Every structure is written in structure tokens, then in C-alpha cells.
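# Structure assessment
Here is what each chain is made of, one letter per residue.
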Amino acid sequence: MDCYLLVDFGSTFTKLTLVSKNKAEIIAKSKSYTTVETSVIEGYEKAKSEMFRDLSFEDINIVKTLCCSSAGGGLKIVTIGITPSYTVEATKRVVMGAGGRIVGSFSYYLTDEDVEEIKKINHDIILLSGGTEGGNKSYILKNAQKLAQHKVEKPVIVAGNSYARDEVEAIFKEYGLKAVYTENIMPDTDKINPYVAKEVIREIFMALIIRAKGMDLVAENIGEILMPTPTAVLKAASLLSLGTQETKGLGELMVVDVGGATTDIHSISDPIVDRTYKQDGLEETVEKRTVEGDLGMRYSAVGVYQSASERLLSQPNAEERCIKRFAQTSYLPESEDEKKFDELIASECVSIAVKRHAGTTRRGYMNGQDITIQNGKDLRNIKYIVGTGGVIINSVNYKNIISSCIIEEKNKLTPKNPGVLIDKRYILSAMGLLSTVDSELALKIMLENINA
């Protein structure tokens, strides 16, 4: 039987999914702890041995192995722009769409203190932007000069006003800094151009970051690392939503992924529902990903408490219980009361993260008329919300957790009446990988396995 082996080297677990090429079904799944301290190959081999314990190697012919990774905390990026609401926001969207994680964000002119702070941050890449095409050059030049003078060692992606490129390149060459140059991510006011920069980030991820994390042997012995895990999930969400030429997708949808440290939201939808609204701020895209680093089940449990609604705050000893989960990240609840409290934390993660992901409206006045001004993405027409992540897929009350974001709130453009689905077999990242070689097969498997 010809099969694809799909591997996700996660921060905690290495997950394997074996898919039949001809039968269009999942043959087996397994996982093992990701052994980043020694060699990720060890965790992979253990998971593979477990997978084939009940299978015969003689019956399985693995025609291709595809991998993604978020081991070691994933791809950590520092962003630099001009104004927080425009070029800095554009850098954030590029990073999120590329499957990265923002660990520092800076605007306007960098100070010496800013650059020293950047050097102390555990990051992989710096994304430097600033200025529309033919517009302001001073910020990107001054900031390039600051980075060069302080001899920042990590690679820099320059994605700002291309009219300043020659001068930026000369600055970096003078100081011997590594830099990659790509298209301006904000070529015009309110316009975002994320696609080329996202591909550059992916290439750097594969060429530099993977090897730096001791995963250089993976490509040689297992299979190519194609992308960061969040990118694989976003690709799967897009395929499930839009479908293929042969098979119709589910339509506009959102994926909520609650983890131990973060809550990720992916939406695939038209960003503008009501064309009479006046758009404000940077334009939105059909594919959008946001990551909330203060919302998670364990590492960020205290962050959840600090942002929570009364339904969690009113629970007995709520703060102490959240602190316990932060202090004991391997904690597994045993009593029904503690399991329900975990589900309540997850509900808060979903509710808060979706509100942050969604746009807002406000009343305004223009040309003698009252108008509605939209900022951010309109999610009211989302047809389905797909839940994933350990706390969701392992809960019998997963519908309540996922549905916690379906609440009418004035001036918030959150989902109004979506269906609720669950990625019960945890296959989204695997299907994102599979879509790179056979999108029809990946879509068919998702349609059969992701349901209510």
C-alpha cells in the first residue's frame, strides 16, 4: 500500500500521521515527546516504532515523508516599522501569516536602548519595514543604521520602501550585517503586500533556523521540513474553506486552536461584509492568523485570569488555580471540578482571542452624513468554527468551549451563527502538509474527519 507519512515536530510532541494514497484514509497516528535536548530523531523514531507496532512494514510503502515544525518555540521574530497602526501592524500580519511568533515589536526611530533590548531577546529574525513606495525613507535608514552600529547578529529581512534599498544595503555591507531584501510589505497607504515577504521568511526558516535547532539531520534522514506548523494549519484551513476545482469546500470558516502557551485563531473569509461601511486602518486579507501569547492552558494561565470575564473570576480560588497551572505545566486535572475549570479556562481563551481577532465598528461623520466605520476583519458571516488543540479535542463539552465566542456584543464583528466542528483526530497540520502534494486527497480526508 502506497502511503504518505506526515510529521509534525511540535514543541512538546512529535506527531506522525500515515495516509493511504489510494484509499484516501488515515491508516495510523502516533506521537512521542519531542526530544529537542538530544536529537529530534529519537522522538521521531519512538513515535514511528509505536505506529508500526500493529502494522506490517511489508504492507506499507512510504512514497514520501513531509514535515513541519514548531520545535523549540517555533520561529521567533522581532518586527520594526514606523507607526504602530500601519507599517508595524503590516509586519505583524506578515509574521503571523508566515507561521512565526512575534517576540518584540518596535516603532518610529530606534533608540540605543531599543537595540540593546532587541539583542537580549531570544529571536531568530528581524523584519525591518518602513515607508510606502517612494515615500518616507528616513525611518528605515536611521533604524538600519542603529542595527548596524550595534552589530545585531541575527539575519534581517528588509521589506520597506524600496527607494531606500541601495542606502540600506550600503549600511549593512559596511558593518557586515546579514540581510535579505524583498518587496515592500506596505507599498501604499492602507495596502498590505504580505506574500513575497512570507515566502522569504519560510525560506529562512528552512535554511537557517531548522539547522540551528539541531534538525539538520531531519531532511537527510526523514524528509524535507516544508514550513512552520502554524503555516501548515493555515494551509489546511484555507483548503477546507475554499475547496479545489473538483470538490467544494465548507465556505468561510475559522479555526480556534487552544494550546498550553498560546491561542491561535485562523480565519478564511471575506474581510468586508457590509460594503457601506467606511474602512479605517490597514486593509485585511482573506487569510488571517493571530496568536495570543497571554492566553493558554498552562504557561499562560495567569494571563487568562488577568483578562477573564466574571464567569471565571467568580469561581472559588480562581486565581490560585490559574497560578497552580502556570507553576505546574504538566498538571492534569483528575476531579470533575478541576476538569470543568480547565474547560472554563479554554472557553475564556477562545472568547477573548476571537474578540481580538475580529474587527470593530464605530459611528462617524463624513460629508454631512452619519456613517459606520469598520476597523479590522468582519467575521459575522463565518459558516463554521473548527476547534482543535488538546483541551478541545479531549473534552466531551467541546461545543460549549468553541461556542463561547458566539456572543452578540455591541460594535464587535464576531461570528453570529456558525456551525461548530471539531478536529477530533488532530489532523490539520498533517493535511496542510499533504496539500502540497495532493490537495484533493487532503480535502477529502478533512471532509470525512472534521465534523460535529
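So, a few notes on the structure that sits alongside this text. (Residues numbered from 1 in each chain as written. Predicted model: local features only at pLDDT ≥ 70, side-chain atom pairs only at ≥ 80, totals over all residues. Heavy atoms only, no water.)

### Some points on the pattern of salt bridges
Evaluated as defined, the whole model comprises 24 salt bridges. Of the charged contacts in the structure, one is a salt bridge between D124 and K76, with a shortest N-O distance of 3.9 Å. Of this pair, D124 sits in the loop between α3 (112–120) and β7 (125–128) while K76 sits in strand β5 (residues 75–80), and the two are 48 residues apart along the sequence. Exposure class is identical for D124 and K76. Each is buried. Here E338 ties to R325 by a salt bridge, and the two come within 2.8 Å at their closest N and O atoms. Highlighted residues: E338 in helix α12 (residues 336–357) and R325 in helix α11 (residues 318–327), separated in sequence by 13 residues. By relative accessible area, which is 14% here, E338 ends up buried. A relative accessible area of 0% means that R325 is categorised as buried. What emerges from the salt-bridge pattern is a single network uniting R298, R321, R325, D337, E338 and D342. (Salt bridge = Lys/Arg side-chain N within 4 Å of Asp/Glu carboxyl O. Helix = DSSP H or I, 4+ residues; strand = E, 2+ residues; numbered from the N terminus. Buried < 20%, exposed > 50% of the residue type's maximum accessible area, 1.4 Å probe, protein only.)

### Digging into the packing of helix α4 (residues 138–149) against helix α5 (residues 165–175)
Axis separation between α4 and α5 bottoms out at 9 Å; the angle between their running directions is 5°. Our classification of the angle between α4 and α5 gives roughly parallel. Where α4 approaches α5, its residues I140, L141, A144, Q145, A148 and Q149 are matched on the opposing element by E167, V168, I171, F172 and Y175. Residues that form the contact of α4 with α5 fall into these classes: 8 nonpolar, 2 polar and 1 charged. (Axes fitted to C-alpha atoms, helices over the stretch in contact; angles between N-to-C directions. Parallel < 35°, antiparallel > 145°, perpendicular 65-115°, else oblique. Contact = heavy atoms within 4.5 Å. Nonpolar A, V, L, I, M, F, W, Y, C, P; charged D, E, K, R; others polar.)

### Quick word on the packing of α11 against α12
Interhelical geometry of α11 versus α12 gives an angle of 85° and a closest axis separation of 12 Å. As judged from the angle between their axes, α11 and α12 are roughly perpendicular. Between α11 and α12, the residues in contact are A318, R321, C322 and R325 and D337, E338, F341, D342 and I345, respectively. Residues that form the contact of α11 with α12 fall into these classes: 4 nonpolar, no polar and 5 charged.

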